[in-house]
Structure formats: C-alpha cells, structure tokens
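Residue-level listing of the chains:
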Amino acid sequence: MQNYLPFYMTYPIQYPAREEDALRRDIDYLRGLYPKDAQKYLKKIKSIIDYMDYEGSMIYDEYPDRWQLYRLAESIVKTLQTESETGDEEEKISPQKWEWISDMVQVLLLEELLSRRQMKQRKKGEGGSVFIPKTENIRTLKGYGKIGADGAL
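Residues numbered from 1 in each chain as written. Predicted model: local features only at pLDDT ≥ 70, side-chain atom pairs only at ≥ 80, totals over all residues. Heavy atoms only, no water.

Asks: Any chance you could explain the overall build of the protein here in plain terms?
Replies: Of the regular secondary structure elements, the protein holds 6 helices and 0 strands. Ordered by position from the N terminus, the helices and strands of the protein form the series α-α-α-α-α-α. Counting over 153 residues, the protein shows a buried share of 27%. Restricting to contacts in the protein with at least 6 residues of sequence separation, those with at least 24 account for 70%. Of the roughly 11,600 Å² that the protein leaves accessible, carbon and sulfur atoms contribute 54%. (Helix = DSSP H or I, 4+ residues; strand = E, 2+ residues; numbered from the N terminus. Buried < 20%, exposed > 50% of the residue type's maximum accessible area, 1.4 Å probe, protein only. Contact = heavy atoms within 4.5 Å. Areas by Shrake-Rupley, 256 points an atom, 1.4 Å probe, with all protein chains shown as cover.)

Asks: Any chance you could explain the nonpolar core here in plain terms?
Replies: Looking at soluble globular proteins, one finds that nonpolar side chains tend to be buried together. Judged by nonpolar contacts, the single largest core of 22 residues is most densely connected at Ile49, Val105 and Leu109. Breaking this core down by element, the ones donating at least two residues are helix H3 (36–52), helix H4 (66–86) and helix H5 (95–124). With 7 residues, H5 is the largest single contributor of residues to this core. The residues contacting Ile49, other than those within four sequence positions of it, are Ile59, Leu72, Leu109, Leu113 and Arg116. (Core = buried A, V, L, I, M, F, W, Y, C linked by side-chain atoms within 4.5 Å.)

Asks: What should I look at first to understand the packing of aromatic side chains in this one?
Replies: The description of an aromatic ring pair uses the distance of the two centres, along with the angle that the planes make with each other. Enumeration according to the criterion identifies 0 aromatic pairs in this entry. Sitting above the plane of the Tyr60 ring, Lys120 keeps its charged end 4.0 Å from the centroid. (Phe/Tyr/Trp six-rings, centres within 6.5 Å; stacked < 30°, edge-to-face > 60°. Lys NZ or Arg CZ within 6 Å of the ring centre and 35° of its normal.)

Asks: Would you mind going over the confidence of the model for the protein with me for this structure?
Replies: Should pLDDT be low for a region, the predicted coordinates there are not to be read in detail. Confidence in the prediction for the protein averages 77 pLDDT; 69% of positions are at 70 or higher. Confidence scores differ between elements of the protein, with helix H6 (residues 135–140) showing the lowest mean pLDDT of 45 and H3 the highest of 93. With pLDDT under 50 throughout, residues 127–148 is counted as low confidence; its partners more than four residues away or in other chains account for 34 contacts. (pLDDT = per-residue confidence, 0-100.)

Asks: Explain the pattern of salt bridges to me, please; I cannot follow it from the model alone.
Replies: Oppositely charged side chains are able to pair whenever their charged atoms sit close together. Summed over the entire model, instances satisfying the criterion amount to 9 salt bridges. Across the pair Arg31 and Glu111 runs a salt bridge, and its minimum N-O distance is 2.9 Å. Of this pair, Arg31 sits in helix H2 (residues 16–32) while Glu111 sits in helix H5, and the two are 80 residues apart along the sequence. Classification of Glu111 by relative accessible area gives partly exposed; the value is 27%. Residues Lys120 and Glu55 are paired through a salt bridge, measuring 3.0 Å at the closest nitrogen-oxygen approach. Taken together, the positions of Lys120 in helix H5 and Glu55 in the loop between H3 and H4 put the pair 65 residues apart, joining distant regions of the chain. Among the residues examined, Glu55 registers a relative accessible area of 64% and is labelled exposed. Where salt bridges share partners, they join Arg31, Asp50, Asp53, Glu111, Glu112 and Arg116 into one cluster. (Salt bridge = Lys/Arg side-chain N within 4 Å of Asp/Glu carboxyl O.)

Asks: Before we go on, may I ask you to explain H3 in this structure?
Replies: One full turn of an α-helix is made of 3.6 residues, so residues set three or four places apart face in the same direction. In this model H3 runs 25 Å from its N-terminal to its C-terminal C-alpha over 17 residues, within 8% of the 24 Å that 1.5 Å per residue would give. Of the positions making up H3, those classed as buried are Ala38, Tyr41, Leu42, Ile45, Ile49 and Met52. Along the axis of H3, the buried residues cluster in a sector spanning 100 degrees; they form a single face. Along H3, exposed side chains directed more than 90 degrees from the buried face belong to Lys36, Lys43 and Tyr51. (Expected span 1.5 Å × (residues − 1). Arc of directions from axis to C-beta.)

Structure follows, in structure tokens:
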C-alpha cells in the first residue's frame, strides 16, 4: 500500500492578504525608525514615485536602466535643493553634505522601487504568496507520504 499525503497537507491554506498587511506594517514601522532627514527625503521620493506608478512605467521594467534611475535621483536632489534654498537661512546645507544626501536619496529611491515592485508582484501572484515549505516541515512529513531525503515526492 502506498502512503500518500492527505489532501489538506498537499495544498495548505494560504492567507496572502494577511501576509501582505503584516509585511506592509513591518516596513512602515521600520521606516518610522529612519532618521528625521531620511524620513523627509523618503516622503519626497514617495510623492514623486507616485506619479510614475502606472502600468508600463520604467520602474517596473525587468531591468530598470541605471542611467534613468541615476537621473531620477538627481532630479529629486535638485528638487530638495530648491526647497532648501527657499527655506530658512539656518538650514543652509554645505556642498559636501549635498553629496552625502545625493547618495542617500539614491539608496532610498532604489529601496522604495524594490518595495513597490515586490508589492506589485505579490498582488499579481508572481511570488510572495507562494507556499515554500521549510526543511523542518518537509522532514516531519516523511511519515505521511513518499517524500525522499531531498524533499522530493
């Protein structure tokens, strides 16, 4: 007699909406721990990316162009510089700090793009909600069916 896995064990119930909500809360919490300046820059980045968030946008290209992303980051930095110049005299930022801010904006931009791309993939079902059992779970299932040492059925 062959031992097969029971139906309920081969197709586990998935809750992708809960997982996505938990992931979004976790990301929002950790971003809340960013330094004050990084939060300010991220807010500006998000508002600019919101305009670019549409089907067919370059931010969803399989391989986004490095030069376009660099130009986008530079345009965000220019916007920040313009806002800084119109602000208080006390908040003048040195040219050396602008180089550092430019690097930080590039990192925050790429991080925001990665986050949006992953959320879009999860919504489309291209990953994220795929059930991949852990190795410990596979080992415990050996008694229920034809599962070899490598986890194959």
